Amino acid sequence: MAQPYDILYVDDEQDNLLAFKAVFRRTFNVHTALSAKEAIELLKEQSIDLILSDQRMPQMTGIEFFEHIMDDYPNIVRMVVTGYSEMDVITNALDKGNIAHYLTKPWDVDELKDVISHALEAA
């Protein structure tokens, strides 16, 4: 049996991290970070297959975070989740290849599972 994928969820809201971990811990090796800075430190220590990041966070947005790590970790699948209408930012990130997919908050568990699974299979 193949080892489960390592997923990193970055969000400045602890409740979202706890909910994500509760839902996905049986399917994936789930890692969480409360900020982009914390996520960057985790990436130095842990191999990650996919990152799902909140867009609006203090200090660094999800897109800025992905732009920051893109050269060092080009093979990580990157997805952004947002609760806001920021289609110009999201579309630009999709066009540049900075993200593979975006989702809206609140996320639907079944949709999120499907999107993550398909992205990992395609990677």
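Draft legend 1. View of the overall build of the protein. Of the regular secondary structure elements, the protein holds five helices and five strands. For the protein, the N- to C-terminal ordering of α and β elements is β-α-β-α-β-α-β-α-β-α. Relative to the 2.2 N^0.38 estimate, which gives 14 Å for 123 residues, the radius of gyration of the protein is 13 Å and therefore close to what a compact globule would have. With the principal axes as the frame, the protein shows a C-alpha extent of 40 × 30 × 30 Å. For the protein, the proportion of contacts with a sequence separation of at least 24, taken over those separated by at least 6, is 60%. Per element, the accessible surface of the protein, about 7,000 Å² overall, is 47% carbon and sulfur. Of the charged side chains in the protein, 10 are positive and 22 negative, and the gap between their average positions amounts to 5 Å.

Draft legend 2. Representation of the nonpolar core in the model. Of all hydrophobic cores here, the largest spans 21 residues; its most connected members are L8, V10, L43, I51 and F65. Mapped onto this core, the elements with two or more residues apiece are β1 (6–10), α2 (36–45), α3 (62–69) and α4 (87–96). No other element matches the five residues that α2 contributes to this core. The contacts of L43, once residues within four sequence positions are left out, are L8, I48, I51, F65, I69, Y73 and I76. In terms of nonpolar packing, the next biggest core, distinct from the first, is built from 19 residues, V30, V77, W107 and L112 among them.

Draft legend 3. Representation of the sheet that holds strand β3 (residues 50–54) within the structure. The strand order across the open sheet formed by five strands is β2-β1-β3-β4-β5, and the pairing between neighbours is parallel. With partners counted over all chains shown, the strands left at the sheet margins are β2 (29–33) and β5 (101–104), one partner each. Across the sheet, the axes of successive neighbouring strands diverge by a mean angle of 20°, strand direction being ignored. Where β1 lies against β3, four bridges are found, and the strand directions are parallel. In the strand pairing of β3, Y9 is matched with L52.

Thresholds, definitions, all that
- Residues numbered from 1 in each chain as written.
- Predicted model: local features only at pLDDT ≥ 70, side-chain atom pairs only at ≥ 80, totals over all residues.
- Heavy atoms only, no water.
- Helix = DSSP H or I, 4+ residues; strand = E, 2+ residues; numbered from the N terminus.
- Rg over C-alpha atoms; globule rule 2.2 N^0.38 Å.
- Contact = heavy atoms within 4.5 Å.
- Areas by Shrake-Rupley, 256 points an atom, 1.4 Å probe, with all protein chains shown as cover.
- Lys, Arg positive; Asp, Glu negative; His and termini not counted.
- Charge placed at Lys NZ, Arg CZ, Asp CG, Glu CD.
- Core = buried A, V, L, I, M, F, W, Y, C linked by side-chain atoms within 4.5 Å.
- Buried < 20%, exposed > 50% of the residue type's maximum accessible area, 1.4 Å probe, protein only.
- Pairing = 2+ DSSP bridges.
- Axes fitted to C-alpha atoms, helices over the stretch in contact; angles between N-to-C directions.

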